[in-house]
Amino acid sequence: MLLSFLVSGLGQLYCGRPGRALLLVVVTVLLVPLVYLPTLVDRQAYGHFSWIFLALVALVIMRLYVMVDAWLVARHTGALRLRWYNRWYIYAGIALIGSALGLVTPFHSYSIPSASMAPALLPGDFVLTKPYWSDSRKPLVGDIAIVKHDGTFFVKRIVAVGGDRVQMIGGRLTINGVVLPRDMVGNLRFNDVDMTLYRESLPDGRNYRIMELSDHEFLDDTAAFTVPLASYFVLGDNRDNSRDSRVMKEFGYMPAESMVARVLVVWWAKDWGRIGTTPE
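So, a few notes on the structure that sits alongside this text. Because the structure is predicted, anything quoted here is derived from the model rather than measured. (Residues numbered from 1 in each chain as written. Predicted model: local features only at pLDDT ≥ 70, side-chain atom pairs only at ≥ 80, totals over all residues. Heavy atoms only, no water.)

## Remarks on the pairing of strand S4 (residues 152-161)
As a general feature of sheets, a regular strand has side chains that alternate between the two faces.
Okay, so step 1: S4 sits mainly inside the fold: seven of its 10 residues count as buried.
Okay, so step 2: Alignment of strand S3 (residues 144-149) against S4, held across six bridges, turns out to be antiparallel. The partner of Val 147 across the bridge, within S4, is Phe 154.
Okay, so step 3: Where S3 hands over to S4, the hairpin turn is made up of two residues, of which Asp 150 adopts a positive phi near 55°. (Buried < 20%, exposed > 50% of the residue type's maximum accessible area, 1.4 Å probe, protein only. Helix = DSSP H or I, 4+ residues; strand = E, 2+ residues; numbered from the N terminus. Pairing = 2+ DSSP bridges.)

## Describing the sheet that holds strand S1 (residues 108-111)
Okay, so step 1: Strand order in the open sheet made by the seven strands is S1-S2-S14-S3-S4-S12-S13, with antiparallel pairing throughout. Pairing within the sheet leaves two strands with one partner each, and these edge strands are S1 and strand S13 (254-255).
Okay, so step 2: Sheet analysis places strand S12 (residues 231-235) next to S13, joined by two bridges and oriented antiparallel. Counterpart to Ser 231 in the pairing with S13 is Pro 255.

## Notes on unusual backbone geometry
Okay, so step 1: Omega for the peptide link from Ala 118 to Pro 119 comes to 10°, which places this bond in the cis form.
Okay, so step 2: Following the sequence through the fold, Pro 119 ends up in the loop between S1 and strand S2 (126-131).
Okay, so step 3: Unlike most non-glycine residues, Asn 176 shows phi in positive territory, near 50°.
Okay, so step 4: The backbone of Ala 230 shows a phi angle near 60°, a positive value even though the residue is not glycine.
Okay, so step 5: Within the secondary structure, Ala 230 sits in the loop between strand S11 (225-226) and S12.

This is the structure:
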């Protein structure tokens, strides 16, 4: 049971049932994409919460079944004639390979610890991401991205790429001398503070919501930045509560190698209505 908890089917292999072990591995692997399916097709075709929840439940049930099956097989196996694969180092090698495959899977999960990307992402959210190395495209302006800075992972929005000129003037984001359009959406009480919601539009038409305490905060007026080639300028959507590329000495531009993954979907949230939604 312990072996099958570590790697699906490893317990069955231990009991001399390689065919059964392979079958269970295949079924488990086929179940995994169900969790990500809403990000690959029109997610509106599925119940956001029900689809993600049922897919996760199916994975948990499958893992429990594999463990119980390993226990039952072991009970009925009786005396076992050791074969070439019944060696501790074979099991250890399979476990290591399984762990390595888990690390390079095209989807990863991250928890959101802060409110710097509110309202798109909230503290306590868990998101599924796709690493840029496995994607068919480079990081794009508008992406909500996981970035790595000084050994720590952050989640920010890409607003400019290499060669762009960026500046904050009176709380307004300016790209290459053009002030991005911003429409007021409404007011929001967030963490006992009154905030204003806006919908900001990028030059390519992509838009998203941002939050502002006011247009006169510490980082609402900055110098003009020219983004180096092969680098990115990132901001938090919670503009007055985010450490990002505006703080050059502490954060600054994000080089291409620091761009880890793009956020696909919220797979868990305190507000169940947000489960399965794709952040803007």
